[in-house]
Structure formats: structure tokens, C-alpha cells
Amino acid sequence: MNKTFRLTSIAMLTALSIVTNLFTVPLSGSNSMSFTIAICFFTGIYFGALPGAIVGFMGDLIAHLILPQGPYNVFLALSTTLFGVICALVYKIKLPKLVKLIVAAVICYAVCLCGLNTFGLWMYYKASVPPTISGLIAMLSMDKSQIDTSFWIYLAGRAPWSAINIAINVVIVALLQQSGVIEKLMTKVRNKDKSTKATQQEEQNQELNEND
């Protein structure tokens, strides 16, 4: 893939990730609808695990710097980083595209949304501890009886909303895949790269022949 196209695409996806992190749709309580998952999935599928991680992490970090809503939550940041990574790794498995998308979504739902996301928010809103590594260490030694809502009860309240969130994002990615527009664009870019390389090789061969 052309390096310029790749870097430009990743930069654009990072910008989209920032926007989707800034403009979320409130659902209920601390639950919100974010289209960041679709952006991260898309990046992981078409550009790989590292770009997926970069787009997810930078989108979350820059959005926080622009419009902070409380302390920086490292668990939310890790969750957003992993969306693209998990999707990229799952897409290496030889399965139908829709099956791979569903498998990636289920893993992300369990690990990222129900696990990291929920834990980070629970620390801040219910345990009243900064959602950081130092906050986690402090929480290990604190009196848990002071926490009025356990993690599992908080998770039970968030799980249905998280399911709606990821389901909508999966539908968006699935529709993009089924449309074939992205695949056609990628194929066009690859063909152009091959054509450019072939032309360059021809020119090099001509130069060698002329020198001989």
C-alpha cells in the first residue's frame, strides 16, 4: 500500500476518532453511545493492529485534552486502544468477514466495554478513586465497605447499554463491508501501487541497458 495514502488515511481516521470521542450520545447515567468503536474497527481491519491502536489511543487522549471530563481514565484509554488491535488480530483468522466481525465484537464487548470501560467508570463514579494505576493501587488497601455499589451490580446496569453501543457500531462496519466501496478503493490503490512499481522497474531496466 502506498505510504502516503496509508499515512493520510491513518491521520484522517485519528481525526474522526477525536471527533467521535468528543461528540458522544448520552444514553443513561454514565452510559453513552460512541461511534469510536466503528472507527477503530475499520482501522484495524484495513490498516492493521498498530494503526488501530494509534487511532484509538490518540483519539481518546486528544479528545480528553480538548474537552476533559474529570481525570484522565487510563482504563478507558486502554479499552479504546484495544478495539482496533483485537479486530485486526481476529481478521487474520480465515473465516467469513461477517463472522470475523461478530467474533471481534464479542471479544471487545467482554474485554473492553464490560471489563476495562466499566471498571474505569466504576472506580471514578462509585469507588471515588482516580481511574489511574496509582488509584487502583490505593483502592486495593481501602475499606471496600465504603463503596455503596459493587462492580458487579454496576456492570449489570451498564451491560445492556454497552451491548446496544457495540451492536450499532458493528452494523455500521458491516454495512461498509457489504457495500464493497472500501474494498474497491483498496484494490484500486493496490493496483496503482503495482503499476507504479512496474513502471519504476521498467525505467531502471532501461537505464541499466543504456549503461551497458
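Our subject is the structure listed above.
Notes on the structure follow. Every value quoted in this text rests on a predicted model; they were computed, and no experiment measured them. (Residues numbered from 1 in each chain as written. Predicted model: local features only at pLDDT ≥ 70, side-chain atom pairs only at ≥ 80, totals over all residues. Heavy atoms only, no water.)

1. With respect to the packing of aromatic side chains
Rule in force here: Ring pairs are drawn from Phe, Tyr and Trp, using the six-membered ring of Trp, whenever the two centres fall within 6.5 Å, and their geometry is named by plane angle: stacked under 30 degrees, edge-to-face over 60, tilted for the rest. Each residue gets one of three labels from its accessible area relative to the maximum for its type: buried under 20%, exposed over 50%, partly exposed in between, using a 1.4 Å probe on protein chains only.
Enumeration according to the criterion identifies 8 aromatic pairs in this entry. For the ring pair Tyr-124 and Tyr-125, a centre distance of 5.0 Å and an interplane angle of 70 degrees mean the geometry is edge-to-face. The exposure class assigned to Tyr-125 is partly exposed, which follows from its relative accessible area of 47%. One aromatic cluster is present, built from ring pairs that chain together Phe-75, Phe-119, Trp-122, Phe-151 and Trp-152.

2. Considering the packing of helix α5 (residues 97-125) against helix α7 (residues 151-179)
For the record, the criterion: Axis lines are fitted to C-alpha atoms, over the contacting stretch for helices. Their N-to-C directions set the angle, which ranges from 0 to 180 degrees. In this description a helix means any DSSP run of H or I spanning at least four residues, a strand means any run of E spanning at least two, and both kinds are numbered starting from the N terminus. Helix crossings get a hand from a simple test, with the near helix turned counterclockwise from the far one by less than a right angle marking a left-handed crossing and a clockwise turn marking a right-handed one.
Packing of α5 against α7 brings their axes to within 8 Å, and their N-to-C directions diverge by 145 degrees. Note that α5 runs across α7; the crossing there is right-handed.

3. Things to note about the layout of surface pockets
We count it as follows: Space inside and on the surface of the protein is sampled on a 1 Å grid over the protein atoms alone, with a cavity defined as a set of points where a 1.4 Å probe fits but cannot get out and a pocket as an open set with protein on both sides within 12 Å along at least 5 of 7 lines; lining residues have an atom within 4 Å of a point. Grid points are joined across faces, edges and corners, and a volume is the space filled by probe spheres set on the points. Note on residue classes: Ala, Val, Leu, Ile, Met, Phe, Trp, Tyr, Cys and Pro are nonpolar, Asp, Glu, Lys and Arg are charged, and everything else, Gly too, is polar.
There is about 890 Å³ of room inside the largest pocket. Every residue lining the largest pocket is counted, 34 residues in all, and those nearest its centre are Thr-24, Ser-32, Gln-69, Leu-76 and Leu-121. Secondary-structure elements contributing two or more residues to the lining of the largest pocket are α1 (3-22), β2 (31-33), α2 (36-47), α3 (49-66), α4 (74-90), α5 and α7. Its residues assigned to classes, the lining of the largest pocket comprises 15 nonpolar, 17 polar and 2 charged.

4. Regarding the nonpolar core
Put simply, the test is: To define a nonpolar core, start from buried Ala, Val, Leu, Ile, Met, Phe, Trp, Tyr and Cys residues and group those joined through side-chain atoms within 4.5 Å. The contact rule is simple, with two residues in contact once any of their heavy atoms fall within 4.5 Å.
Among the nonpolar cores identified, the biggest contains 28 residues, and Phe-41, Phe-83, Leu-101, Cys-108 and Ile-166 are the most heavily contacted of them. Residue assignment for this core shows that the elements contributing at least two residues are α1, α2, α4, α5 and α7. In terms of residue count, α2 provides more of this core than any other element does, 9 residues in total. Those residues in contact with Phe-83 that lie beyond four places of it in its chain are Ile-37, Cys-40, Phe-41, Cys-108, Cys-112 and Leu-113.

5. With respect to unusual backbone geometry
The phi dihedral of Ser-128 is positive, around 55 degrees, even though this residue is not glycine. Relative accessible area serves as the criterion here: at 61%, Ser-128 is assigned to the exposed category.

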